[in-house]
Amino acid sequence: MAYDIADRESIREMVYAFYSRVLKDDMLGPMFTRVLGEDIDGGKWHEHLHRLDEFWLLMMVGHSSYQGDPTPAHAFIGQLTPESFERWLEIFKEVVEEMFIPEISQKFYKKAQIVAAQLRENLGVDDDEDDDW
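Note that this is a predicted model, so its numbers are computed, not measured.

Conventions used here
- Residues numbered from 1 in each chain as written.
- Predicted model: local features only at pLDDT ≥ 70, side-chain atom pairs only at ≥ 80, totals over all residues.
- Heavy atoms only, no water.
- Helix = DSSP H or I, 4+ residues; strand = E, 2+ residues; numbered from the N terminus.
- Contact = heavy atoms within 4.5 Å.
- Phe/Tyr/Trp six-rings, centres within 6.5 Å; stacked < 30°, edge-to-face > 60°.
- Lys NZ or Arg CZ within 6 Å of the ring centre and 35° of its normal.
- Salt bridge = Lys/Arg side-chain N within 4 Å of Asp/Glu carboxyl O.
- Buried < 20%, exposed > 50% of the residue type's maximum accessible area, 1.4 Å probe, protein only.
- Core = buried A, V, L, I, M, F, W, Y, C linked by side-chain atoms within 4.5 Å.
- Expected span 1.5 Å × (residues − 1).

Novice: Got a minute to help me understand the environment of glutamate 13 in this structure?
Specialist: Mapped onto the secondary structure, glutamate 13 falls in helix α1 (residues 8-24). For the pair glutamate 13 and methionine 99, spaced 86 residues apart in sequence, the C-alpha separation works out to 8.9 Å. When near neighbours in sequence (up to four residues on either side) are disregarded, glutamate 13 contacts Tyr3 and Met99.

This is how it looks when you write it as C-alpha cells:
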C-alpha cells in the first residue's frame, strides 16, 4: 500500500530505498561507493542518509533540523554529467511512484527536479555546452 503522507517515517524509508537502488545502478553506484563505501548500513552512509532524511523532510513538510547547502558535498562525488542527473531523477521518480500516492509522488518529483537543476547550475554541469561561442 502506498503512503498517503510524507512524514519522517515514510521519508526515511524512501531515502533508504532510493539509495539502495542507486548503489545497484551501473552509472551512479560507482560514484557513491567511491565516496561513501559499499555498505549502506554503516560507515559514512549513516550520516549521509540521516542528512538526506532531514533534507527531504524540510522539502516536503517545511521543517526539520537540516542546515546547510547540498552543493559542496556533490562537488566531490566525481564527474557529474547531465546524463547522471537524468538517471538520478529517473530512479528517484521510480521509487517515489512506488512508495507514495500520486499526489505526493508528484510533489516529491517536482522538488527533485528543482534540486537537480540547482545542483547542475551550482556545479557548472552544463557549462561545457555554453563555451562554444
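Novice: In this structure, what is going on with the packing of aromatic side chains? I would like to understand it.
Specialist: The relative placement of two aromatic rings is captured by the distance of their centres and the angle of their planes. With the rule as written, the count across this model stands at 13 aromatic pairs. Put simply, the rings of Tyr3, Phe18, Tyr19, Phe32, Trp45, Phe55, Trp56, Trp88, Phe92, Phe100 and Phe108 touch in pairs and so form one group of aromatic residues. Sitting above the plane of the tyrosine 109 ring, lysine 93 keeps its charged end 5.1 Å from the centroid.

Novice: I keep staring at the pattern of salt bridges and nothing clicks. Help me out?
Specialist: Once the charged atoms of two side chains with opposite charge are near each other, the side chains can pair. Taken as a whole and assessed by the stated rule, the structure comprises 7 salt bridges. Between arginine 51 and glutamate 47 there is a salt bridge, with the nearest N and O atoms lying 3.4 Å from each other. With arginine 51 and glutamate 47 both in helix α3 (residues 44-61) and 4 residues apart, this pair spans about one turn of that helix. For arginine 51, a relative accessible area of 43% puts it in the partly exposed group. Residue glutamate 47 is classed as exposed on the basis of its relative accessible area, which comes to 53%.

Novice: How do you make sense of the nonpolar core when you look at a structure like this?
Specialist: Taken as a class, soluble globular proteins show a tendency for nonpolar side chains to be buried jointly. Among the nonpolar cores identified, the biggest contains 38 residues, and Met14, Tyr19, Trp56, Trp88, Phe92 and Phe108 are the most heavily contacted of them. Looking at this core, the element that brings in the most residues is helix α5 (residues 82-99), giving 8 residues. Ignoring any residue separated from it by four or fewer positions in sequence, one finds phenylalanine 92 in contact with Met14, Phe18, Trp56, Phe108, Tyr109 and Ala112.

Novice: Help me understand α5 in this model?
Specialist: Residue pairs spaced three or four apart in an α-helix point in one direction, given the helix's 3.6 residues per turn. Its 18 residues place the ends of α5 26 Å apart at the C-alpha level, agreeing with the 26 Å of an ideal helix rising 1.5 Å per residue. Taken residue by residue, α5 has Pro82, Ser84, Phe85, Trp88, Leu89, Ile91, Phe92, Val95, Val96 and Met99 as its buried positions.

Novice: For this particular structure, what's the right way to read the side chain of serine 10?
Specialist: Looking at the secondary structure, you find serine 10 in helix α1. Sequence-distant contacts of serine 10, that is, excluding residues within four places in its chain, are made with Tyr3, Ile5, Met99 and Phe100.

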